Amino acid sequence: MHQDIEEILVSEDELKQKIKQLGEQLSKDYEGLNPLFIGILKGAVPFMSDLVRQIHIPIEIDFMSVSSYGKAASSSGVVRILKDLDTSITGRHVLIVEDIVDTGLTLSYLVKLLEGRSPASVKTIVLLDKKSCRTVDFEPDYQGFVVPNKFAVGYGMDYAERYRNLPYVGVLKKEVYHVS
Ligand code: PRP
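Fair warning: this is a prediction, and the values are worked out from it, not measured in the lab.

1. Observations concerning the site of the ligand
(1) Moving on: Taken together, 15 residues form the shell around the ligand, and within it E98, D99, T103, G104 and T106 come nearest.
(2) Moving on: Between the ligand and the protein, one listed contact pairs an oxygen atom with a backbone N or O atom of K42 at 3.0 Å.
(3) Moving on: In the environment of the ligand, an oxygen atom lies 2.9 Å from a nitrogen or oxygen atom belonging to the side chain of R164.
(4) Moving on: Sorting elements by how many residues they give to the shell around the ligand places strand β5 (residues 93–101) first, with 4 residues.
(5) Moving on: In the shell around the ligand, the residues fall into 4 nonpolar, 4 polar and 7 charged.

2. Re helix α3 (residues 105–115)
(1) Moving on: Among the residues of α3, L105, L107, S108, L110, V111 and L114 are the ones counted as buried.
(2) Moving on: Lining the buried residues of α3 we find β2 (36–41), β3 (60–68), β4 (79–83), β5 and β6 (121–129).

3. Quick notes on the pattern of salt bridges
(1) Moving on: Going through the model one piece at a time under the given rule, you end up with 14 salt bridges.
(2) Moving on: For K42, the salt bridge is made with E161, and the minimal N-O distance between the two is 3.0 Å. With a gap of 119 residues between them, K42 in the loop between β2 and α2 (45–52) and E161 in the loop between β8 (152–153) and β9 (169–172) connect regions that are remote in the sequence.
(3) Moving on: On the basis of relative accessibility, which here comes to 44%, the residue E161 falls in the partly exposed class.
(4) Moving on: Taking the shortest distance from any N to any O, the salt bridge between D50 and R53 comes out at 2.8 Å.
(5) Moving on: Looking at R53, the relative accessible area reads 57%, which means it is exposed.
(6) Moving on: The network of salt bridges with common partners includes K42, D158, E161 and R164.

4. A closer look at unusual backbone geometry
(1) Moving on: In this structure, the amide linkage connecting L41 to the following residue, K42, adopts the cis form with an omega of -5 degrees.
(2) Moving on: Not every positive phi belongs to a glycine, and N34 is a case in point at roughly 40 degrees.
(3) Moving on: One can find N34 in the loop between α1 (12–29) and β2.
(4) Moving on: Within the chain, E161 stands out as a residue other than glycine whose phi angle is a positive 75 degrees.

5. Re the packing of aromatic side chains
For any pair of aromatic rings, the description rests on two quantities: the centre-to-centre distance and the angle between the ring planes.
(1) Moving on: A complete count under the given rule lists 4 aromatic pairs for this structure.
(2) Moving on: Ring geometry for Y30 versus F37: centroids 6.4 Å apart, planes at 65 degrees, classification edge-to-face.
(3) Moving on: Following the ring pairs from residue to residue traces out a cluster consisting of F151, Y159 and Y177.
(4) Moving on: Taking NZ or CZ as reference, K18 lies 5.2 Å from the ring centre of F145, over its face.

6. Notes on the sheet that holds β9
(1) Moving on: As summarised here, the arrangement of the 3 strands in space is β1-β9-β8, forming an open sheet in which the pairing is antiparallel. With partners counted over all chains shown, the strands left at the sheet margins are β1 (5–10) and β8, one partner each.
(2) Moving on: As paired elements, β1 and β9 share 4 bridges and run antiparallel to each other. Among the inter-strand pairings, E7 is bridged to a residue of β9, identified as V171.

7. Topic: the pairing of β9
(1) Moving on: Two elements, β8 and β9, share 2 bridges in a ladder whose sense is antiparallel. Note that in β9 the partner of A152 across the bridge is V171.

8. Details of the pairing of β2
(1) Moving on: Of all 6 residues that make up β2, 5 are buried, and the element is covered over most of its length.
(2) Moving on: When β2 meets β3, the two strands line up parallel, connected through 6 bridges. Across the sheet, the residue bridging to G39 is F63, located in β3.
(3) Moving on: Two elements, β2 and β5, share 4 bridges in a ladder whose sense is parallel. Directly across from G39, in β5, lies its bridge partner V97.

The rules behind the values
- Residues numbered from 1 in each chain as written.
- Predicted model: local features only at pLDDT ≥ 70, side-chain atom pairs only at ≥ 80, totals over all residues.
- Heavy atoms only, no water.
- Near = heavy atom within 4 Å.
- Polar contact = N/O pair within 3.5 Å; in protein donor to acceptor, adjacent residues only side chain to side chain.
- Helix = DSSP H or I, 4+ residues; strand = E, 2+ residues; numbered from the N terminus.
- Nonpolar A, V, L, I, M, F, W, Y, C, P; charged D, E, K, R; others polar.
- Buried < 20%, exposed > 50% of the residue type's maximum accessible area, 1.4 Å probe, protein only.
- Contact = heavy atoms within 4.5 Å.
- Salt bridge = Lys/Arg side-chain N within 4 Å of Asp/Glu carboxyl O.
- Phe/Tyr/Trp six-rings, centres within 6.5 Å; stacked < 30°, edge-to-face > 60°.
- Lys NZ or Arg CZ within 6 Å of the ring centre and 35° of its normal.
- Pairing = 2+ DSSP bridges.

Have a look at this one:
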(Lines give C-alpha, C1' and ligand atoms only; values in the text may rest on other atoms or scores of the structure.)
Protein backbone atom coordinates (compact mmCIF):
# COMPACT_ATOMS: atom_id res chain seq x y z
CA MET A 1 0.00 0.00 0.00
CA HIS A 2 1.20 3.55 -0.75
CA GLN A 3 2.67 5.31 2.30
CA ASP A 4 0.16 8.20 2.07
CA ILE A 5 -2.85 5.87 2.20
CA GLU A 6 -4.37 4.91 5.56
CA GLU A 7 -7.02 2.45 4.39
CA ILE A 8 -8.12 0.70 1.23
CA LEU A 9 -11.77 1.45 0.41
CA VAL A 10 -12.07 -0.67 -2.74
CA SER A 11 -9.37 -3.17 -3.66
CA GLU A 12 -8.08 -4.00 -7.13
CA ASP A 13 -9.89 -7.34 -7.05
CA GLU A 14 -13.18 -5.77 -5.99
CA LEU A 15 -12.88 -3.19 -8.78
CA LYS A 16 -12.18 -5.88 -11.35
CA GLN A 17 -15.11 -8.04 -10.29
CA LYS A 18 -17.62 -5.18 -10.11
CA ILE A 19 -16.57 -3.70 -13.45
CA LYS A 20 -17.00 -7.10 -15.10
CA GLN A 21 -20.56 -7.29 -13.70
CA LEU A 22 -21.35 -3.75 -14.80
CA GLY A 23 -19.99 -4.52 -18.28
CA GLU A 24 -22.24 -7.57 -18.57
CA GLN A 25 -25.28 -5.59 -17.44
CA LEU A 26 -24.58 -2.73 -19.88
CA SER A 27 -23.93 -5.18 -22.73
CA LYS A 28 -27.46 -6.54 -22.18
CA ASP A 29 -29.20 -3.23 -21.58
CA TYR A 30 -27.67 -1.49 -24.62
CA GLU A 31 -27.75 -4.38 -27.08
CA GLY A 32 -28.61 -3.12 -30.57
CA LEU A 33 -28.52 0.54 -29.48
CA ASN A 34 -24.93 1.48 -30.43
CA PRO A 35 -24.57 3.66 -27.32
CA LEU A 36 -22.11 6.50 -26.88
CA PHE A 37 -20.14 6.25 -23.64
CA ILE A 38 -19.02 9.68 -22.47
CA GLY A 39 -16.11 9.74 -20.02
CA ILE A 40 -15.74 12.85 -17.87
CA LEU A 41 -12.10 13.86 -17.61
CA LYS A 42 -9.97 13.38 -15.76
CA GLY A 43 -11.15 11.15 -12.92
CA ALA A 44 -13.18 8.74 -15.05
CA VAL A 45 -10.26 7.67 -17.25
CA PRO A 46 -9.22 4.42 -15.47
CA PHE A 47 -12.85 3.37 -14.90
CA MET A 48 -13.88 4.18 -18.48
CA SER A 49 -10.88 2.33 -19.84
CA ASP A 50 -11.54 -0.84 -17.82
CA LEU A 51 -15.34 -0.64 -18.29
CA VAL A 52 -15.37 -0.43 -22.09
CA ARG A 53 -13.16 -3.52 -22.28
CA GLN A 54 -15.89 -5.47 -20.48
CA ILE A 55 -18.55 -4.49 -23.03
CA HIS A 56 -19.33 -7.10 -25.64
CA ILE A 57 -21.54 -5.08 -27.99
CA PRO A 58 -20.65 -2.25 -30.40
CA ILE A 59 -20.26 1.07 -28.61
CA GLU A 60 -18.60 4.41 -29.32
CA ILE A 61 -16.69 6.57 -26.86
CA ASP A 62 -16.16 10.28 -26.39
CA PHE A 63 -14.95 12.54 -23.60
CA MET A 64 -15.91 15.82 -21.99
CA SER A 65 -13.86 17.94 -19.67
CA VAL A 66 -15.76 20.06 -17.19
CA SER A 67 -14.86 22.26 -14.31
CA SER A 68 -17.07 23.42 -11.48
CA TYR A 69 -16.30 26.93 -10.33
CA GLY A 70 -14.56 25.49 -7.27
CA LYS A 71 -16.22 23.24 -4.71
CA ALA A 72 -16.94 26.15 -2.35
CA ALA A 73 -18.78 28.13 -4.99
CA SER A 74 -20.49 25.14 -6.52
CA SER A 75 -23.92 25.58 -4.93
CA SER A 76 -25.17 27.16 -8.15
CA GLY A 77 -24.49 23.85 -9.87
CA VAL A 78 -23.07 25.65 -12.88
CA VAL A 79 -20.37 23.68 -14.60
CA ARG A 80 -17.97 25.12 -17.13
CA ILE A 81 -17.36 23.04 -20.25
CA LEU A 82 -13.61 22.92 -20.97
CA LYS A 83 -13.87 20.32 -23.73
CA ASP A 84 -17.15 19.44 -25.38
CA LEU A 85 -18.11 16.28 -27.28
CA ASP A 86 -16.64 15.74 -30.73
CA THR A 87 -19.93 14.50 -32.14
CA SER A 88 -23.63 15.29 -32.17
CA ILE A 89 -25.74 13.15 -29.83
CA THR A 90 -29.09 13.79 -31.49
CA GLY A 91 -31.01 10.50 -31.52
CA ARG A 92 -28.21 8.67 -29.69
CA HIS A 93 -28.33 6.62 -26.51
CA VAL A 94 -25.71 8.19 -24.26
CA LEU A 95 -24.19 6.96 -21.02
CA ILE A 96 -22.19 9.40 -18.90
CA VAL A 97 -19.30 7.65 -17.13
CA GLU A 98 -18.00 9.16 -13.89
CA ASP A 99 -15.62 8.02 -11.20
CA ILE A 100 -17.61 9.50 -8.31
CA VAL A 101 -20.80 11.35 -7.46
CA ASP A 102 -20.62 13.52 -4.38
CA THR A 103 -23.02 16.47 -4.14
CA GLY A 104 -24.59 15.39 -7.43
CA LEU A 105 -24.20 18.87 -8.94
CA THR A 106 -21.86 17.89 -11.78
CA LEU A 107 -23.92 14.97 -13.02
CA SER A 108 -27.32 16.65 -12.67
CA TYR A 109 -25.99 19.60 -14.66
CA LEU A 110 -24.48 17.35 -17.34
CA VAL A 111 -27.62 15.24 -17.68
CA LYS A 112 -29.73 18.38 -18.23
CA LEU A 113 -27.19 19.80 -20.66
CA LEU A 114 -27.08 16.64 -22.77
CA GLU A 115 -30.86 16.13 -22.61
CA GLY A 116 -31.13 19.52 -24.27
CA ARG A 117 -29.39 18.10 -27.34
CA SER A 118 -32.25 15.69 -28.23
CA PRO A 119 -30.59 12.34 -27.54
CA ALA A 120 -32.65 9.12 -27.52
CA SER A 121 -31.67 8.64 -23.84
CA VAL A 122 -29.22 9.91 -21.23
CA LYS A 123 -28.13 7.65 -18.38
CA THR A 124 -25.29 7.75 -15.86
CA ILE A 125 -22.87 5.26 -14.39
CA VAL A 126 -20.64 6.04 -11.43
CA LEU A 127 -18.04 3.80 -9.91
CA LEU A 128 -18.35 5.34 -6.45
CA ASP A 129 -21.32 6.97 -4.80
CA LYS A 130 -20.80 9.21 -1.77
CA LYS A 131 -24.53 9.09 -1.08
CA SER A 132 -24.36 10.93 2.23
CA CYS A 133 -22.96 14.06 0.51
CA ARG A 134 -25.81 14.78 -1.89
CA THR A 135 -27.08 18.38 -1.98
CA VAL A 136 -29.36 17.83 -4.97
CA ASP A 137 -31.78 15.04 -5.74
CA PHE A 138 -29.77 12.77 -8.02
CA GLU A 139 -29.48 9.00 -8.38
CA PRO A 140 -27.12 7.36 -10.89
CA ASP A 141 -28.66 4.71 -13.14
CA TYR A 142 -25.73 2.34 -12.55
CA GLN A 143 -23.32 2.35 -9.66
CA GLY A 144 -20.36 0.36 -8.42
CA PHE A 145 -19.89 1.00 -4.71
CA VAL A 146 -21.44 3.27 -2.09
CA VAL A 147 -18.57 4.80 -0.12
CA PRO A 148 -18.41 6.82 3.12
CA ASN A 149 -17.58 10.51 3.21
CA LYS A 150 -13.81 10.05 3.41
CA PHE A 151 -11.00 11.59 1.35
CA ALA A 152 -10.87 8.98 -1.42
CA VAL A 153 -8.01 8.94 -3.92
CA GLY A 154 -6.72 6.50 -6.49
CA TYR A 155 -8.15 4.77 -9.56
CA GLY A 156 -8.65 8.19 -11.19
CA MET A 157 -9.24 10.30 -8.12
CA ASP A 158 -6.65 12.81 -7.05
CA TYR A 159 -5.41 15.12 -4.36
CA ALA A 160 -3.64 18.05 -6.08
CA GLU A 161 -3.42 15.91 -9.24
CA ARG A 162 -1.59 13.07 -7.45
CA TYR A 163 -2.60 9.47 -6.76
CA ARG A 164 -4.79 9.07 -9.89
CA ASN A 165 -2.62 6.12 -10.92
CA LEU A 166 -3.11 4.01 -7.80
CA PRO A 167 -4.75 0.73 -8.89
CA TYR A 168 -7.19 0.78 -5.91
CA VAL A 169 -9.34 3.35 -4.11
CA GLY A 170 -7.86 4.40 -0.79
CA VAL A 171 -8.33 6.96 1.95
CA LEU A 172 -5.67 9.65 2.07
CA LYS A 173 -3.90 10.13 5.42
CA LYS A 174 -4.92 13.38 7.09
CA GLU A 175 -1.34 14.56 7.56
CA VAL A 176 -0.93 14.62 3.78
CA TYR A 177 -3.61 17.25 3.17
CA HIS A 178 -3.65 19.01 6.56
CA VAL A 179 -0.98 21.68 6.34
CA SER A 180 -0.33 23.27 9.72
C1 PRP B 1 -15.05 14.93 -9.44
C2 PRP B 1 -15.83 13.81 -10.13
C3 PRP B 1 -17.07 14.51 -10.57
C4 PRP B 1 -17.30 15.54 -9.49
C5 PRP B 1 -18.31 14.97 -8.53
O6 PRP B 1 -14.34 15.63 -10.40
O7 PRP B 1 -15.11 13.27 -11.21
O8 PRP B 1 -16.91 15.17 -11.82
O9 PRP B 1 -16.06 15.74 -8.80
O10 PRP B 1 -18.63 15.89 -7.54
P11 PRP B 1 -20.09 16.48 -7.35
O12 PRP B 1 -21.06 15.31 -7.34
O13 PRP B 1 -19.99 17.15 -6.00
O14 PRP B 1 -20.39 17.45 -8.45
P15 PRP B 1 -13.24 16.74 -10.09
O16 PRP B 1 -13.89 18.10 -10.07
O17 PRP B 1 -12.48 16.34 -8.86
O18 PRP B 1 -12.32 16.69 -11.40
P19 PRP B 1 -11.37 15.52 -11.95
O20 PRP B 1 -12.27 14.40 -12.42
O21 PRP B 1 -10.62 16.13 -13.08
O22 PRP B 1 -10.47 15.08 -10.81
